[in-house]
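Chain and residue survey
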Amino acid sequence: MRTFIKLFSNKNGEINRFLEHFYSNKKNLADNSLLEWETSFENPIEMADMIGVFIDNIDDYKINMWVSLDENMLINVTRNNVDDLIRYLYERYPY
């Protein structure tokens, strides 16, 4: 099963800026006007780090994050659901 995070933005360069912050270096994406980005995870627990950085900096970036744990189902990451979402990750994938 494939789990992934998708980032969306209406502002050019915003996703690139967030990824540079998350990876603590210049990600140098080919297209600085990127408005959509996706990454997948073999171990879904690894998603928790990116989700945490996103929510801690949600006011600094004009981006939306969506998480997919099951096929054809996306969850919008918000302040209201982030704790439950991360808790669910650790309960569902305890390894």
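A brief structural summary. (Residues numbered from 1 in each chain as written. Predicted model: local features only at pLDDT ≥ 70, side-chain atom pairs only at ≥ 80, totals over all residues. Heavy atoms only, no water.)

1. Structural notes on the overall build of the chain
Looking only at helices and strands, one finds 3 helices and 4 strands in the chain. When its helices and strands are written in sequence order, the chain yields β-α-β-α-β-β-α. Out of the 95 residues in the chain, the part that is buried amounts to 40%. Sequence-distant contacts in the chain: of pairs separated by 6 or more residues, those separated by 24 or more amount to 61%. (Helix = DSSP H or I, 4+ residues; strand = E, 2+ residues; numbered from the N terminus. Buried < 20%, exposed > 50% of the residue type's maximum accessible area, 1.4 Å probe, protein only. Contact = heavy atoms within 4.5 Å.)

2. Some thoughts on helix α1 (residues 14–23)
Three- or four-residue spacings in an α-helix give side chains the same orientation, since the helix completes a turn every 3.6 residues. For α1, the set of buried residues is E14, I15, N16, F18 and L19. The elements touched by buried residues of α1 are β1 (3–9), β2 (36–41), α2 (47–56) and β3 (63–70). After α1 finishes, the residue S24 shows a positive phi value of roughly 55°.

3. So, the pattern of salt bridges
Enumeration over the complete set of coordinates arrives at 8 salt bridges. Ionic pairing is found between R2 and E38, a salt bridge with its closest N-O pair at 2.0 Å. Taken together, the residues span a long stretch of sequence, with R2 in the segment before β1 and E38 in strand β2 at a distance of 36 residues. A salt bridge links E14 to R17; its shortest N-O distance comes to 2.9 Å. With E14 and R17 both in helix α1, this residue pair falls 3 residues apart, about one helical turn. (Salt bridge = Lys/Arg side-chain N within 4 Å of Asp/Glu carboxyl O.)

Fair warning: the whole summary comes from geometry, so function is off the table for now.
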